[in-house]
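Reading the structure
Chain residues, written in single-letter form:
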Amino acid sequence: MIRLVVLLACAADRPDDPVDGPSGDAVGAAAAPAGGWTWVASLVLGTAPGEVRFEGAVAEPAWDVADDAQHALVRVPALPVGPAQLQVGGETLPFEVTAPWFVEVGPAVGLATPHDVSDAPPGCSQAQTGVGFADVDLDGDLDGFFGHFGAPGRLYENAGDTSGDGLPDFADRGTDWGLPDVDSIAGVFFADWDDDGDPDLLLGRVGSNVALENRMIPDGSPSWRDVTAISGLGGTNQRTMGFGFGDYDGDGDLDVYEVNHSLCFPDDDPTNDQRSGDHLWRNDGGHVFADVSDDLDPDVLDRFGFSAIWLDLDRDADQDLWVVNDWTTGSGRSAVWRNDGPDGADGWRFTNITDESGISPIKDASGGTINAMGGAVGDVDRDGLPDFAFTNLGNNGLVLSGADGGWSLASAALGVERATLPWDTQSATWGVHLADLDLDRDLDVVYIGGALKWGAAQPHALFENTGSGGQWIDRTWDGGLSSPRHGKASAQLDLDGDGLLDLVVANWGDVPEVWHNRFRNGDDSPVRWLAIDPAGDGVTVNREGFGAIVEVTFDDGIVETCFHNPVPSLGGTSDPACWFGLGEATVTRVDVVWPDGVRETVPVSTTGYPWSERRLRVER
């Protein structure tokens, strides 16, 4: 028997029950670029299938995903959009080829240099890559940095659309812009920590971290000054996977939470598997940071972590902290800290509310501990409170706020956990993004798939929020994100200014993926969107405006809420703008709640599109 495992939407002639031969359901596939391939179907092979053909064209040789020759993933030759047929083992199955939601454009935009792993220590986890985007040269578009592990990281200038294909072109500018050679990178984090108006760069490494001041201001051109020694952020022998930026003490500059994993997990050598613990750094100005980790419980700091996000969890005008931890042997669950203000003795009070909040579950839906890696925040259920998504080995998580003031795990009920792949292999995901990818006024979720050191490559996972009674649809396969890779760090940004958020994935030991979002309404009408950049004054509110809350009210009474933060996902920096799809609705009110609790209403038109510019900078 040959059984085709169902992966795809847009089915045609769907029978009610599985049958022998190509089984149970017709499938749909995203159209591949001309001359290309796209992953389409998993075959469970009880007997040798012979040739697999799509519209008469032979599929690429099956890729063994389970190491037992019984499960295989095949790829479809480029086919035109429309009805098609699969022929396998003498049986025929109809399916529909649809236009892809995401198309990979890395080579076209000049971001196709493979991740160098030539110095990666044997036996250690392949968990760190690093990618970040920021407007380094202040010319209005986002430049990119990619980390390597055997060669220096590379900084690319966004030169605009020089080729005329509608997409930006990136050029390597590391040497031209005076970037020092830094290798063994685990995370790339841009933020204006000196409040001078340009993004500085903090590189998490296996070894000592590196802090670089961007000299665009005051010099007038990008260059970098190494301020690691001044800052105190370097450390010694650690693996820093994340930096969380937020102004926890409300003094107008960005403090830093440093997230460390073990140096070389899962090596059994205790010398390699040492840990340095997490650190809380208070920004004292002048690139000087004070280690105030004693304000937090040392037992919780001494876990294996990946990511951290500051946000006003309880809407009380101060920044609380969510730390995403890998609950493996010798570690513990993700942590939630409530900011309770100064302690009256030159310190700060943080209360560990992990247990009572429900944000960091003890077990996933299958009863296993949670190896959380990437984290994302957004108001999925539109109640004005943050919801949380995290990745895992196995069941991914989506935690929603409740009427009782707590949070609970909802991913299984919503169908967005992807515990296993369709061929029964355990899912492994790393970065995660909560974003309105189709601009229909609700948040979708993408989990970045990637192999463990000892496992097979994995596809990403894309779930579309239909906004209809909590219904979500798995769009991984017909959405185009199904090619198995070794994804780790990731970032979201609008590459071409069309309002649709694109995705960049830094793969371990492979070329990056640059996914161009080509979503369009069924009638090809223009998409409608609004992006808001809160910006502080550097005195009462940090220049980045991190910690601000943006509320957009529509004419039907729905309020969309965004918690402004660096969108770290895992090991990366995204465009931090608050991004809102408008659908067919009209914006009637925009409010910015600054980190100190001051509410500012932004004037808008009451009819039609609210601004001539779709991206608005709101200054304190």
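Residues numbered from 1 in each chain as written. Predicted model: local features only at pLDDT ≥ 70, side-chain atom pairs only at ≥ 80, totals over all residues. Heavy atoms only, no water.

Across its full length, the protein chain carries six helices and 45 strands. Residues counted as buried form 61% of the 620 residues belonging to the protein chain. Here the contacts in the protein chain between residues at least 6 apart in sequence split such that 57% fall between residues at least 24 apart. Accessible surface for the protein chain amounts to roughly 21,700 Å². Of this, 49% is attributable to carbon and sulfur atoms. (Helix = DSSP H or I, 4+ residues; strand = E, 2+ residues; numbered from the N terminus. Buried < 20%, exposed > 50% of the residue type's maximum accessible area, 1.4 Å probe, protein only. Contact = heavy atoms within 4.5 Å. Areas by Shrake-Rupley, 256 points an atom, 1.4 Å probe, with all protein chains shown as cover.)

Along the chain, the position of aspartate 135 falls in the loop between β11 (131–134) and β12 (143–146). The buried charged residue aspartate 135 lacks any salt bridge partner; its closest oppositely charged side chain belongs to arginine 617, at an N-O distance of 8.7 Å. A distance of 2.9 Å separates the side chain of aspartate 135 from the backbone nitrogen of leucine 138, its partner in a polar contact. Side-chain polar atoms of aspartate 135 contact the backbone nitrogen of aspartate 139, separated by 3.1 Å. In contact with aspartate 135, not counting residues within four places along its chain, are Gly140, Asp141, Leu142, Asp143 and Pro199. (Lys, Arg positive; Asp, Glu negative; His and termini not counted. Salt bridge = Lys/Arg side-chain N within 4 Å of Asp/Glu carboxyl O. Polar contact = N/O pair within 3.5 Å; in protein donor to acceptor, adjacent residues only side chain to side chain.)

Now for the state of the cysteines. In total, this model carries two disulfides according to the counting rule given. Here cysteine 124 engages in a disulfide with cysteine 264; their sulfurs sit 1.7 Å apart. Every disulfide takes its handedness from the sign of the S-S torsion; for cysteine 124 and cysteine 264 that torsion is -100 degrees, giving left-handed. Of the two residues, cysteine 124 is situated in the loop between α1 (106–109) and β11 and cysteine 264 in the loop between β20 (255–261) and β21 (279–283); the sequence distance between them amounts to 140 residues. Both residues of the pair, cysteine 124 and cysteine 264, count as buried. In this model, cysteine 562 is linked to cysteine 578 through a disulfide, with the two sulfur atoms separated by 2.1 Å. On the sign convention where negative means left-handed, the S-S torsion of about -75 degrees between cysteine 562 and cysteine 578 marks this disulfide as left-handed. One end of the pair, cysteine 562, is in strand β40 (residues 559–563); the other, cysteine 578, is in strand β42 (residues 578–581), and 16 residues separate them in sequence. Comparing cysteine 562 with cysteine 578, the two get one shared label, buried. (Disulfide = S-S within 2.5 Å.)

Bringing the sheet that holds strand β45 (residues 615–619) into the picture now. Taken in spatial order, the three strands make up an open sheet running β42-β38-β45, and their pairing is mixed. Every interior strand has two partners, whereas the edge strands, β42 and β45, have only one. Neighbour-to-neighbour, the strand axes of the sheet open up by a mean angle of 20 degrees, direction not taken into account. Strand direction decides the pairing type here: strand β38 (residues 529–535) and β42, joined by four bridges, are antiparallel. The residue bridging leucine 530 from the neighbouring strand is phenylalanine 580, located in β42. (Pairing = 2+ DSSP bridges. Axes fitted to C-alpha atoms, helices over the stretch in contact; angles between N-to-C directions.)

Let us look at the pairing of strand β35 (residues 487–493). Across the seven residues that make up β35, a large majority, seven, are buried. Here β35 runs beside strand β36 (residues 502–507); their pairing, made up of six bridges, is antiparallel. From the neighbouring strand, alanine 489 faces β36, where its bridge partner is alanine 506.

Examined against the element boundaries, aspartate 141 turns out to sit in the loop between β11 and β12. For the pair formed by aspartate 141 and aspartate 494, sequence separation is 353 residues and the distance between their alpha carbons is 9.5 Å. Ignoring any residue separated from it by four or fewer positions in sequence, one finds aspartate 141 in contact with Ala134, Asp135, Asn158 and Gly160.

Of all the seven residues making up strand β43 (residues 587–593), five are buried; the element is thus mostly covered by neighbouring parts of the structure. As judged from the six bridges shared by strand β39 (residues 549–554) and β43, these two strands associate in the antiparallel manner. Across the sheet, threonine 553 pairs through a bridge with arginine 589, a residue of β43. Adjacent in sequence and paired antiparallel, β43 and strand β44 (residues 599–602) are bridged by five residues, among which glycine 597 carries a positive phi angle near 95 degrees.

Okay, the pattern of salt bridges next. Inspection of the entire model under this criterion finds 24 salt bridges. Here arginine 225 and glutamate 213 are joined by a salt bridge, their closest N and O atoms 2.7 Å apart. Placement of arginine 225 in strand β18 (residues 224–226) and of glutamate 213 in strand β17 (residues 210–214) is noted, with a sequence separation of twelve residues between them. With a relative accessible area of 36%, arginine 225 lands in the partly exposed category.

For the protein chain, per-residue confidence averages 84 on the pLDDT scale, and residues scoring 70 or more make up 80% of the total. Overall, residues 606–612 carries pLDDT values under 50, and its contacts beyond four positions in sequence, including any with other chains, amount to 16 contacts. (pLDDT = per-residue confidence, 0-100.)

What follows is about unusual backbone geometry. Omega for the peptide link from isoleucine 217 to proline 218 comes to 25 degrees, which places this bond in the cis form. Mapped onto the secondary structure, proline 218 falls in helix α2 (residues 216–219). Look at histidine 287: it is not a glycine, yet its phi comes out positive at around 65 degrees. Relative to the elements of secondary structure, histidine 287 occurs in the loop between β21 and β22 (289–291). Phi at arginine 441 takes a positive value of approximately 80 degrees, unusual for a residue other than glycine. Position of arginine 441 among the secondary structure elements: in the loop between β31 (429–435) and β32 (444–449). Given a relative accessible area of 13%, arginine 441 falls into the buried group.

Here asparagine 542 is to be found in the loop between β38 and β39. Residues contacting asparagine 542, with those up to four places away along its chain left out, are Asp195, Asp247, Gly252, Asp253, Leu254, Ala535 and Gly536.

Take the environment of proline 199 next. Mapped onto the fold, proline 199 is located in the loop between β15 (185–191) and β16 (200–207). We classify proline 199 as buried; its relative accessible area is 9%.

Glancing now at the packing of aromatic side chains. The description of two aromatic rings rests on the distance between their centres and on the angle between their planes. On inspection of all chains with the given rule, the structure shows 16 aromatic pairs. Seen in terms of ring centroids, phenylalanine 149 and tryptophan 508 are 6.1 Å apart; in terms of plane orientation they differ by 50 degrees. Their pairing is tilted. On the criterion of sequence distance, the pair formed by phenylalanine 149 in the loop between β12 and β13 (154–158) and tryptophan 508 in the loop between β36 and β37 (513–517) is long-range, its members being 359 residues apart. Since its relative accessible area comes to 2%, phenylalanine 149 is described here as buried. For tryptophan 508, a relative accessible area of 7% translates into the label buried. Ring centres of tryptophan 529 and tryptophan 579 lie 5.4 Å apart, and the angle between their planes is 0 degrees; this geometry places the pair in the stacked category. With tryptophan 529 in strand β38 and tryptophan 579 in strand β42, the pair connects residues that are 50 residues apart, well separated along the chain. Accessibility assignment for this pair places tryptophan 529 and tryptophan 579 in one class, buried. Among the aromatic residues, those joined into a ring-pair cluster are Phe133, Phe146, Tyr156 and Phe170. Above the ring of phenylalanine 554, the side-chain terminus of arginine 441 is found at 4.6 Å from the ring centroid. (Phe/Tyr/Trp six-rings, centres within 6.5 Å; stacked < 30°, edge-to-face > 60°. Lys NZ or Arg CZ within 6 Å of the ring centre and 35° of its normal.)

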